[in-house]
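Letter by letter, the chains look like this.
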Amino acid sequence: MSDGIKDKKNRVGGILGSSGVRRASSVRDVEEVKKTGEISRVERTGKSQRKITRLMSAAEREKLFQMINEEAEKLFGENGLPKEQREIVENAVRMAIDASIAEDEDV
Amino acid sequence: MLDDNPSKDSSGLDIEAANELVLEHRGWSESIAKSVARSWNMDWKLDGLDGAALEALIFCARRFNPGLGVPFRGYARKRIHEASTEAARRSRGWTRGAGSKTRTERLAREVSAELFNVFPELRSGILPGAEEEAGSQGTRIAIQQLLIGASVIATRQGLDAAGPDDTLDFKKMVSTMAKLEAVHQLLLWKIYWEGNSLRRLAGEWKTDELNVIREHKVIVEFLHKHFTRGRNIKFPRVRPGLRHVIGNLTEKQEKGVFATFLETGEA
């Protein structure tokens, strides 16, 4: 094992002084910029992914109407909103959804 | 309603290309008008929805800019739907109540027409909040929102028309709204009583539209839980996005517009 570590004479000394900065040499050559290759694949991004907004379809109309009926059942009643309003409100929502579904739509 | 003023911007379509678009999508625009007529038990031709939908289609075709990357149907659907519903409401069939079997059906039509103002995404064929929740659960939540929205509209319409003996029917909703925070009461008042869109209200309150949309959603979700699960549901606090509105309330608004309405019958 070298005794250089213990030998103070061989220790790295302090900076004595800096000589001048060497002048930059001229540019010799520049390589051509390489063309980017094709994208090989796209991977899934992180957690925050925008969900696809989907149009309502004519095929699910009856299912939506059934859901309206179920939810209205919970909302109107003894502890909820007055039953007298149920028919108006339920029909209104049914009409609004029905009017929003076009038969000739690309879903 | 629609200015016949073809865009002079060179990035739009020329007349020939616009006409091609009209021919290509005419059947589709008619299907939108037919849907509106079907839901409201009206005749799409006799009540003028066909002409309104075509006019809107032509208007959109002339203004359409494909360079913006928005598909034509996505751009035009809302306008065609709006034109169809407006034509229906202006028609004699609407005011005369032709086709409506009962008073209830007529009232339901009035409420449904206003639902499109509160939830304009319906005009695009999309349920409210469709981007946030997917699947069956998301659909159910959207329907809950629509039912509450329709209930609030029905409350307002009912109060407008009700005699002194009938106001008790609507008191339940108004009493609950009167206990909300003042900003929330004001939001509901501006949207449902004054007929402002959420976008316009966001402009008035100098905030992002999303803040108003989310606040509205929170209020509606609370009302739904309150009326379905009982009275132990905690009233929602104003979210950070709208806290600045609190400082701008007038003295009258600070008391709560619905609280004042219950006391005096005026806001």
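Cut-off values and rules
Counting starts from 1 at the beginning of each chain's written sequence and moves along it residue by residue. Labels are handed out in written order, letters beginning with A for the chains and numbers beginning with 1 for the ligands. Totals for whole chains, interfaces and linings use all residues, but because this is a predicted model, local features are given only for residues with pLDDT of at least 70 and pairs of side-chain atoms are given and counted only at 80 or more. Just so you know, side-chain values use all the structure's heavy atoms and leave hydrogens and water out. Each helix is a run of H or I in the DSSP string that is no shorter than four residues. Each strand is a run of E no shorter than two, and both are numbered from the N terminus. The classification of residues rests on relative accessible area computed with a 1.4 Å probe and restricted to protein chains. Under 20% of the type maximum is buried, over 50% is exposed, and intermediate values are partly exposed. Residue contacts follow a heavy-atom distance rule, with two residues in contact if any of their heavy atoms lie within 4.5 Å. The accessible surface values rely on the Shrake-Rupley method and a 1.4 Å probe; as for residues, cover is taken only from the protein chains in view. What pLDDT expresses is the predictor's confidence in each residue, scored from 0 to 100. Two rings from Phe, Tyr or Trp (for Trp, the six-membered ring) form a pair when their centres are within 6.5 Å of each other. A pair whose planes differ by under 30 degrees is stacked, one over 60 is edge-to-face, and the rest are tilted. Two parts placed together each lose some accessible area; with a 1.4 Å probe, that loss summed over both constitutes the buried area. Here a salt bridge means any side-chain nitrogen of Lys or Arg lying within 4 Å of a carboxyl oxygen belonging to Asp or Glu. Within 3.5 Å is the distance limit for a polar contact, defined as a pair of N or O atoms, with the added protein rule that one can donate a hydrogen and the other accept it, and that residues adjacent in sequence qualify only through two side-chain atoms. What makes a nonpolar core is a set of buried Ala, Val, Leu, Ile, Met, Phe, Trp, Tyr and Cys residues whose side-chain atoms join them at distances within 4.5 Å.

Participant: Can you explain the overall build of chain A? Please cite residues and give values.
Facilitator: Along the backbone of chain A there are 2 helices and 0 strands. Taken over 107 residues, chain A has a buried fraction of 32%. Within chain A, counting contacts between residues at least 6 apart in sequence, those at least 24 apart form 58% of the total. For chain A, the exposed area adds up to about 9,400 Å²; of that, 49% sits on carbon and sulfur atoms.

Participant: Kindly report on the confidence of the model for chain B, identifying the contributing residues and their values.
Facilitator: Residue and element names in this part refer to chain B. When the pLDDT values of chain B are averaged, the result is 87; 88% of them are 70 or greater. Low pLDDT, under 50, characterises residues 1-10; the predicted model gives this stretch 10 contacts beyond four residues in sequence or across chains. As a predicted assembly, this complex carries a pTM of 0.79 together with an ipTM value of 0.89.

Participant: So, the packing of aromatic side chains: which residues are in play, and what are the values?
Facilitator: All names here are of chain B. A complete count under the given rule lists 11 aromatic pairs over all chains for this structure. Ring centres of W40 and W94 lie 4.8 Å apart, and the angle between their planes is 70°; on these two criteria the pair is classed as edge-to-face. Note that W40 is positioned in the loop between α1 (15-39) and α2 (49-63) and W94 in helix α4 (residues 92-96), a separation of 54 residues in sequence. Of the two residues examined, W40 and W94, each falls in the buried class.

Participant: Got a sec to walk through the interface of chain B and chain A? Specific residues and values, please.
Facilitator: Opposite the 49 residues of chain B that make contact, chain A presents 42 residues. Between chain B and chain A the total buried area reaches about 3,900 Å² when both faces are included, carbon and sulfur atoms providing 63% of it. Linking chain B with chain A are 3 salt bridges. The closest approach of N and O atoms between D98 of chain A and R38 of chain B, which form a salt bridge, is 2.8 Å. On the surface where chain B and chain A come into contact, there are 10 residue pairs in polar contact (both at pLDDT 80 or more). Breaking the side of chain B that touches chain A down by element, the ones donating at least two residues are α1, α3 (72-90), α5 (103-118), α6 (135-161), α7 (168-177) and α10 (209-229) of chain B. If you tally residues by element for the side of chain B that touches chain A, the top one is α6 of chain B, at 12 residues.

Participant: How would you summarise unusual backbone geometry if you had to cite specific residues and measurements?
Facilitator: Residues and elements named next belong to chain B. Positive phi, close to 55°, is recorded for N41, a residue that is not glycine. Here N41 is to be found in the loop between α1 and α2. Judged by its relative accessible area of 36%, N41 falls in the partly exposed class. Although it is not a glycine, K206 sits at a positive phi angle of roughly 50°. With respect to the helices, strands and loops of the structure, K206 is situated in the loop between α9 (198-204) and α10. What makes K206 exposed here is its relative accessible area of 73%.

Participant: Describe the side chain of T176 of chain B, with residues and values.
Facilitator: Residue and element names in this part refer to chain B. Mapped onto the secondary structure, T176 falls in helix α7. Within the structure, the side chain of T176 is placed 3.0 Å from the backbone oxygen of K172, a separation counted as a polar contact. Not counting residues up to four positions away in its chain, the partners in contact with T176 are F222, L223, H226, F227 and F235.

Participant: Pulling in residues and values, what's your account of the nonpolar core?
Facilitator: Core analysis: the biggest nonpolar cluster contains 99 residues, and I97 of chain A together with W40, F72, M177, Y192 and F258 of chain B have the highest contact counts within it. In terms of residue count, the dominant contributor to this core is α6 of chain B (10 residues). Ignoring anything within four residues of it in the chain, the contact list for I97 of chain A reads M56, L64 and I68 of chain A together with L127, I143 and L146 of chain B.

Participant: So what about the pattern of salt bridges? Which residues, and what values?
Facilitator: All chains considered together, the criterion is met by 16 salt bridges over all chains. Here E70 of chain A makes a salt bridge to R140 of chain B, at a shortest N to O gap of 2.9 Å. On the criterion of chain membership, the pair formed by E70 of chain A in helix α1 (residues 61-75) and R140 of chain B in helix α6 is interchain, its members lying in two chains. Accessibility expressed as a relative area gives 29% for E70 of chain A, which makes it partly exposed. R199 of chain B is the salt-bridge partner of E209 of chain B, the closest N and O atoms lying 3.3 Å from each other. Here E209 of chain B is found in helix α10, whereas its partner R199 of chain B is found in helix α9, with 10 residues between them in sequence. Residue class for R199 of chain B comes out exposed when judged on its relative accessible area of 59%. Sharing partners across several salt bridges, the network here consists of E70, E71 and K74 of chain A together with R140 of chain B.

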